[in-house]
Amino acid sequence: MHAVVTGASRGIGRELVKQLTEAGHEVTGTSRDHSSGVRLDVCDSGQQARFAAHLGDKPVDLLVCNAGVYIDKGMALEDYTTEVWSKSLAVNVTGVFLTVQALLPNLRLSDNPKIAIISSQMASHARAPGGSYAYRASKAAALNIGRNLATDLKPEGISVGIYHPGWVRTDMGGSEGDISVQEAAAGLMHEFDVLTLQTTGCFHTWDGRIHAF
Ligand SMILES: NC(=O)c1ccc[n+]([C@@H]2O[C@H](COP(=O)([O-])OP(=O)(O)OC[C@H]3O[C@@H](n4cnc5c(N)ncnc54)[C@H](OP(=O)(O)O)[C@@H]3O)[C@@H](O)[C@H]2O)c1
């Protein structure tokens, strides 16, 4: 299997690359700073086009849209600016869509293509504890994109899953998180394995539970 993981410079993305590689898969990790192999700022359509050209006609069996930002963590309502909103939406929403769009031709070359969108429990409308408006809205939009891609791509045999990776101890999750990157990545990889056209459009947690929308 050839997997592509965005945002692989650190955190969950870096661990996914490690564990997928250890499992014997070919993995292309992408990062803004080139640290993981291929350079890709997911918001940059020029870099997306160059990445797709770099892959050429190589099939992509699993695309993991993992890159994300959480700019408004702990931000007071009064402190929100246009820039907070535009950056959050650019990476977490537009970036996901542009990545899928750019790699769709490569996914179509696979025998069993899958797209995994790393959203968050903060995408949920059912769970609304307040705060983090831009991050929550962006992750809800990523969930929505995943659900609609699942509908559009099902006739082509492409499965789409949307995931909450857990509250993970990373730069984003902080040191108080519930689980390690190793646990998150292992759980997510199992989820990617069991994703099928029958379960396409699912919103699952890293440990296999169905998440409330
Ligand atoms: N940690 C948690 O508890 C948690 C919970 C729910 C959901 N998530 C989601 O899980 C994913 C990974 O989170 P994490 O905890 O591993 O975060 P992290 O440690 O902060 O890492 C984020 C990754 O995304 C990359 N990134 C940010 N902006 C980018 C851009 N414009 N283009 C390409 N890459 C970009 C970062 O690259 P740089 O190194 O270049 O900045 C980094 O590799 C995110 O989508 C996050 O929202 C995390």
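Residues numbered from 1 in each chain as written. Predicted model: local features only at pLDDT ≥ 70, side-chain atom pairs only at ≥ 80, totals over all residues. Heavy atoms only, no water.

The name that an unreviewed UniProt entry assigns to the chain is Dehydrogenase with variable specificity, with the source organism given as Phaeobacter gallaeciensis.

**Q** What should I look at first to understand the pattern of salt bridges in this one?
**A** Pairs can form between side chains of opposite charge whenever their charged atoms are close. Applying the stated criterion to the full structure yields six salt bridges. When the shortest N-O distance is used, the salt bridge between Lys 58 and Glu 26 registers 2.8 Å. With Lys 58 in the loop between helix H2 (45-55) and strand E4 (62-65) and Glu 26 in strand E2 (residues 26-31), this residue pair connects regions lying 32 residues apart in the sequence. Note that Arg 108 is salt-bridged to Glu 156, the shortest N-O span being 2.5 Å. You can see Arg 108 sitting in the loop between helix H3 (82-107) and strand E5 (114-118) and its partner Glu 156 sitting in the loop between helix H4 (133-153) and strand E6 (159-164), a full 48 residues away along the chain. A relative accessible area of 45% places Arg 108 in the partly exposed class. (Salt bridge = Lys/Arg side-chain N within 4 Å of Asp/Glu carboxyl O. Helix = DSSP H or I, 4+ residues; strand = E, 2+ residues; numbered from the N terminus. Buried < 20%, exposed > 50% of the residue type's maximum accessible area, 1.4 Å probe, protein only.)

**Q** When you look at the site of the ligand in this model, what are you seeing that I'm missing?
**A** As a structural note, the neighbourhood of the ligand is formed by 30 residues, with Ser 9, Arg 32, Asn 66, Tyr 135 and Thr 170 the closest of them. In this structure, an oxygen atom belonging to the ligand sits 3.3 Å away from a main-chain N or O atom of Gly 68. Within the contact set of the ligand, an oxygen atom lies 2.5 Å away from a side-chain nitrogen or oxygen of Thr 170. Of all the secondary-structure elements, those providing two or more residues to the shell around the ligand are helix H1 (11-22) and H4. Class assignment of the residues belonging to the shell around the ligand gives a composition of 14 nonpolar, 11 polar and five charged. (Near = heavy atom within 4 Å. Polar contact = N/O pair within 3.5 Å; in protein donor to acceptor, adjacent residues only side chain to side chain. Nonpolar A, V, L, I, M, F, W, Y, C, P; charged D, E, K, R; others polar.)

**Q** Even after reading the chapter, I still don't get unusual backbone geometry, so can you show me in this structure?
**A** Positioned with a positive phi, Ser 132 is a non-glycine residue whose angle comes to about 50 degrees. Here Ser 132 is to be found in the loop between E5 and H4. Its relative accessible area of 8% is what places Ser 132 among the buried residues.

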